[in-house]
There are 2 protein chains.
Amino acid sequence: MSRLVEITDVILRDAHQSLIATRMAMEDMIPACEDLDNAGYWSLECWGGATFDSCIRFLNEDPWERLRTFKKLLPKTRTQMLLRGQNLLGYRHYEDTVVDRFVEKAAENGMDVFRVFDALNDPRNLTRAIAAVKRTGKHAQGTICYTISPVHSTQTFIDMAKTLVDMGVDSICIKDMAALLKPQPAYDIVKGIKESVGQDVLVHVHVHSTTGVTLVSLMKAIEAGADIVDTSVSAMSLGPGHNPTESLIEMLEGTPYHTKVNLDLVYKVRDHFNKIKPRYQEFMSEVTTVETEIFKSQIPGGMLSNMESQLKQQGQGDKMKEVLLEVPRVRAAAGNVPLVTPSSQIVGTQAVFNVMMGPYQVMTGEFADLVLGYYGKTATVPDPDVVAKAKESAKKEPIDVRPADKLEPEWEKLDSAAKALEGHNGSVEDTLTYAMFPQIAPKFFKSRPDGPLNLGKDPSSFAAVSADPNSPGYLAAPIQYEVKLGDKKMQVTVGPVGGGQ
Amino acid sequence: MSRLVEITDVILRDAHQSLIATRMAMEDMIPACEDLDNAGYWSLECWGGATFDSCIRFLNEDPWERLRTFKKLLPKTRTQMLLRGQNLLGYRHYEDTVVDRFVEKAAENGMDVFRVFDALNDPRNLTRAIAAVKRTGKHAQGTICYTISPVHSTQTFIDMAKTLVDMGVDSICIKDMAALLKPQPAYDIVKGIKESVGQDVLVHVHVHSTTGVTLVSLMKAIEAGADIVDTSVSAMSLGPGHNPTESLIEMLEGTPYHTKVNLDLVYKVRDHFNKIKPRYQEFMSEVTTVETEIFKSQIPGGMLSNMESQLKQQGQGDKMKEVLLEVPRVRAAAGNVPLVTPSSQIVGTQAVFNVMMGPYQVMTGEFADLVLGYYGKTATVPDPDVVAKAKESAKKEPIDVRPADKLEPEWEKLDSAAKALEGHNGSVEDTLTYAMFPQIAPKFFKSRPDGPLNLGKDPSSFAAVSADPNSPGYLAAPIQYEVKLGDKKMQVTVGPVGGGQ
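As the structure is a computational prediction, the values presented were derived from the model and not from experiment. (Residues numbered from 1 in each chain as written. Chains lettered and ligands numbered in written order. Predicted model: local features only at pLDDT ≥ 70, side-chain atom pairs only at ≥ 80, totals over all residues.)

**Let's talk about the overall build of chain A**
Next, step 1: In terms of regular secondary structure, chain A is built from 21 helices and 12 strands.
Next, step 2: By the compact-globule yardstick of 23 Å for 501 residues, chain A fits well, its C-alpha radius of gyration being 24 Å.
Next, step 3: Along the first, second and third principal axes, the C-alpha set of chain A runs to 80 × 60 × 55 Å.
Next, step 4: Sorting the 501 residues of chain A into buried and exposed places 51% on the buried side.
Next, step 5: Partitioning the contacts of chain A with sequence separation of at least 6, the portion at a separation of at least 24 is 75%. (Helix = DSSP H or I, 4+ residues; strand = E, 2+ residues; numbered from the N terminus. Rg over C-alpha atoms; globule rule 2.2 N^0.38 Å. Buried ≥ 20, exposed ≤ 12 C-beta atoms within 10 Å, placed from the backbone. Contact = placed C-beta atoms within 7 Å.)

Here you go:
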């Protein structure tokens, strides 16, 4: 008997978030929706994560309208979103009734599956959002962020799965955004979870492809009983993105597992995005092969380049090796937090400061908040000496309650501030948009009537505008052209303005 | 107990053959040799395949000298080559004593492991070369070309493995140049071979990464008992190339298998080739993601684009769909040959002819030879009607003996013809070079004293020379530059010569 393995395609959200900085215009996704909807996916991830931010910051597009459009265009398939627990889609903790309202409105506008995660894996940052999803009758997926550290073991993740099931989640997601999940741990964790919480609890595995090993991990996760896996249509796959949907489907042929996704429709979707993709060249990730050093350094590639540029700005580019050795120490001192956004930036920046100015001589506000408990509970207790310095530096006391418990009710204030803005349409949705992005919502409300932007460009136009040495159109050396000045034709040697060799 | 899995790295041969058309200059490989040699590989594939052809055709480099250099620079690790059985490294069958001499000289100049294959999997095309390797005391690896067809089953490949073991090979290679080997067949075939010929016979698995599934296939092959696998350092990997060495090593962590390859040295090799790679931009394969339609069409990507351009040249570009349907019919009629070079081109071209001019109205000489047995025995008996037409078209009788049995002794003739050429150095090696490439050897012998070429280019130079719309430096639209004419500076609008929009 062959067992059905379901697929969630992330091409409408995480794929373009990972590969072209979340810049895909809605009008470039719409033509693929019918085929995607008919292909037989368990769900289509299409909202949340950074899409909300990108919509109002870059695309002049109402994210709520995007959600309603997807719902209309995907009538047969579950829509799915990524929700940052108590952070919603913003970058701070929100008071509980804001969380409730956001979830209600997302469900009302068309969201079916809520993948809820917390960067610290602190279940207290998930409870309110999960309860809110349950109340709407929609699917609440509790998420475990996968990480590797001296204190994280298979049992750690199994225990978290139990906690999530006790919260009443409809399924469990193992989320591996850094492509750290190797085949054997994938097998052990999925098997352990199934044995511990029951074979009937759906286990959904989300991996990125950065390190090149994770399609194998999906195979082992499936062998261990995983019910649903995340992939992306090949046109937008690999590198820091995800494993290709087509490869996953083909991989299972002849095994005791099968999918029900229609490959011919997947090929149609692929052809569409292959046509669109060159228009987003300027946003494209430059990684074309695998990046495996993260297994050694534990440091995601994006964090590495951040740290390098911080050091170089200070004229200390030669200190990179010291910083690489400092990161694990800082991470341990901070309580072995997963190194994902935002904890990766917080730990990385503090490591840079420690190397440049001596250990914890200067502490960022964010790092102090992290060790003082303001982001939530860390995997282990932070180093008491570092906590003491954080208290002094931030003039704050450590907390051990759920961070959101420290927040005052804030809805009324947010609502009246939002409604005072030019262009607010009077809806709860608009107030939620303002709540999450108070800096950019005012500008967006004003410019919204102009309609959504498409930042994609005719690939040939890059030749005419670019001054980047890696781009077409760039002249590294002088070059001969035929130039007309009035009626005269001349052969002239031409170089870039102010440049050339 | 963890079992050791050995690795062959193909970065010095098949990787650059697959990714940059075999153009890598020896001087760009030399700096990586010490680290490769110390890394702990089972072998380093570094010669054979298309490298011999490329050396004398494009690089003005003596391939025998390349072999001696590798042997000197890789003292601790087995050198390995790919040998086309009775074809050696050329494109026709050679008489047996030529085969013997080639193998002797390759061994004498430093070759340790001979991977011997035949495109039709006809064992009679392998026997002589394998016997010759055995006489030198070197490692003879018998190769099974993996393919998918209605008549190929797991048992087919197991039977061939038995035949190879009976010939006395030291190991068996499963060679999957089209990335068709899925995980389950990989497992079944390796397991079947081990059970059938004994666990002690080394099984070596070679896969390309084109379809995106084959790292999973390597995992399953290892679980089934594979002893050695082929990978390539990540800098030259993926696409039509191979799975990254780093990913394979990391993939095994925590499993009952391990490698002994030193990752830190692999990273040094990677850094070297990452630096070199941009110099070969103009030869680079454009595939950056996976290509899975070959599973459906059975047609390798290179063959597809060949057929499309053949049709377009005839103004029949709209016939592609018919041709795609014709290919499996032609392949079946030809006896279910594996679709690899040269059989893929032969079958593809005949399919194009059939669609344009009616079935077998015009037959290529190569297709006639194929169905008449001049390449060897096909998997099944070719269609008798097609054979009859081939006899008529080629004015030849079918043969069922080993093709090389029809050849007269040819060494003396080759040797005197070669020695008559300007620049022949009097060696057996030079005569072998001439024997394999009689058209290009004369020119090469003459220009050899000029020394090897490096076709790599400063990446910035591409901008100044290209007129290809897809390349840097191309101006799709007029653009403003600052131009100096004598002492005058002007802002001028410039476009490509004779071009514009």
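Structure's up, so let's keep going.
**Things to note about the packing of helix H7 (residues 154–166) of chain B against helix H8 (residues 183–197) of chain B**
Residue and element names in this part refer to chain B.
Next, step 1: As a packed pair, H7 and H8 sit with axes 9 Å apart at the nearest point and diverge in direction by 40 degrees. Put simply, H7 runs oblique to H8. Crossing angle aside, the handedness with which H7 passes H8 is right-handed. Residues Thr154, Phe157, Ile158, Ala161, Lys162 and Val165 of H7 form the contact with H8, whose own contacting residues are Pro185, Asp188, Ile189, Gly192, Ile193, Ser196 and Val197.
Next, step 2: A class-by-class count of the residues in the contact of H7 with H8 yields 8 nonpolar, 3 polar and 2 charged. (Axes fitted to C-alpha atoms, helices over the stretch in contact; angles between N-to-C directions. Parallel < 35°, antiparallel > 145°, perpendicular 65-115°, else oblique. Left-handed = near helix turned anticlockwise from the far one by under 90°. Nonpolar A, V, L, I, M, F, W, Y, C, P; charged D, E, K, R; others polar.)

**Comments concerning unusual backbone geometry**
Glycine aside, the phi torsion of most residues is negative, and most peptide linkages are trans.
Residues and elements named next belong to chain B.
Next, step 1: The phi dihedral of Asn60 falls on the positive side, at around 45 degrees, and the residue is not glycine.
Next, step 2: Locating Asn60 in the fold gives a position in the loop between helix H3 (51–57) and helix H4 (63–73).
Next, step 3: The class of Asn60 is partly exposed, set by 16 C-beta atoms lying within 10 Å.
Next, step 4: Of note in this structure, Leu88 is not a glycine but carries a positive phi near 55 degrees.
Next, step 5: Tracing the chain through its elements places Leu88 in the loop between strand S4 (78–83) and helix H5 (96–109).
Next, step 6: Judged by local crowding, Leu88 falls into the buried class, with 24 C-beta atoms found within 10 Å.

**Quick look at the sheet that holds strand S6 (residues 139–145) of chain B**
All names here are of chain B.
Next, step 1: The sheet built from 8 strands closes into a barrel, its strands ordered S2-S3-S4-S5-S6-S7-S8-S9 with parallel pairing. The average angle at which neighbouring strand axes cross in this sheet is 30 degrees, direction not considered.
Next, step 2: Note that S4 and strand S5 (residues 113–116) share 4 bridges and pair parallel. When the sheet's bridge partners are listed, Leu82 is paired in S5 with Arg115.
Next, step 3: Together, strand S3 (43–48) and S4 form the strand contacts of H4, whose direction differs from that of S3 by roughly 165 degrees. (Pairing = 2+ DSSP bridges.)

**Looking at the nonpolar core**
Next, step 1: Grouped together as the largest cluster of nonpolar side chains are 280 residues, with contacts concentrated most on A:Val229 and B:Val229.
Next, step 2: Leave out the neighbours within four places in its chain, and B:Val229 touches B:Val5, B:Ile7, B:Val205, B:Leu218, B:Ala221, B:Ile222 and B:Leu248. (Core = buried A, V, L, I, M, F, W, Y, C linked by C-beta atoms within 7 Å.)

**As for the pairing of S3(B)**
It is a general feature of regular strands that their side chains alternate between the two faces of the sheet.
All names here are of chain B.
Next, step 1: Of all 6 residues that make up S3, 6 are buried, and the element is covered over most of its length.
Next, step 2: Note: S3 against S4, 5 bridges, orientation parallel. Following the sheet pairing, Trp47 is matched in S4 by Met81.

**Concerning the sheet that holds strand S6 (residues 139–145) of chain A**
Strand pairing in a sheet relies on backbone hydrogen bonds, with the paired strands running either antiparallel or parallel.
Residues and elements named next belong to chain A.
Next, step 1: Taken in spatial order, the 8 strands close into a barrel running S2-S3-S4-S5-S6-S7-S8-S9, and their pairing is parallel. Strand-to-strand twist across the sheet, computed as the mean angle between neighbouring axes with direction ignored, equals 30 degrees.
Next, step 2: In terms of strand pairing, strand S2 (residues 6–9) meets strand S3 (residues 43–48) through 2 bridges, oriented parallel. Bridge pairing in S3 places Asp9 opposite Leu44.

**So, the environment of A:His258**
Residue and element names in this part refer to chain A.
Next, step 1: Here His258 is to be found in strand S10 (residues 257–258).
Next, step 2: In this structure, the C-alpha to C-alpha distance between His258 and Leu324, residues 66 residues apart in sequence, is 43 Å.
Next, step 3: For His258, the residues in contact, after removing those within four places along its chain, are Ser2, Leu4, Val5 and Leu252.

**Section: helix H6 (residues 127–136) of chain A**
Next, step 1: Of the residues making up H6(A), those classed as buried are A:Thr127, A:Arg128, A:Ala129, A:Ile130, A:Ala132 and A:Val133.
Next, step 2: In the core, the buried residues of H6(A) are packed alongside strand S4 (78–83), helix H5 (96–109), strand S5 (113–116), S6 and helix H7 (154–167) of chain A.

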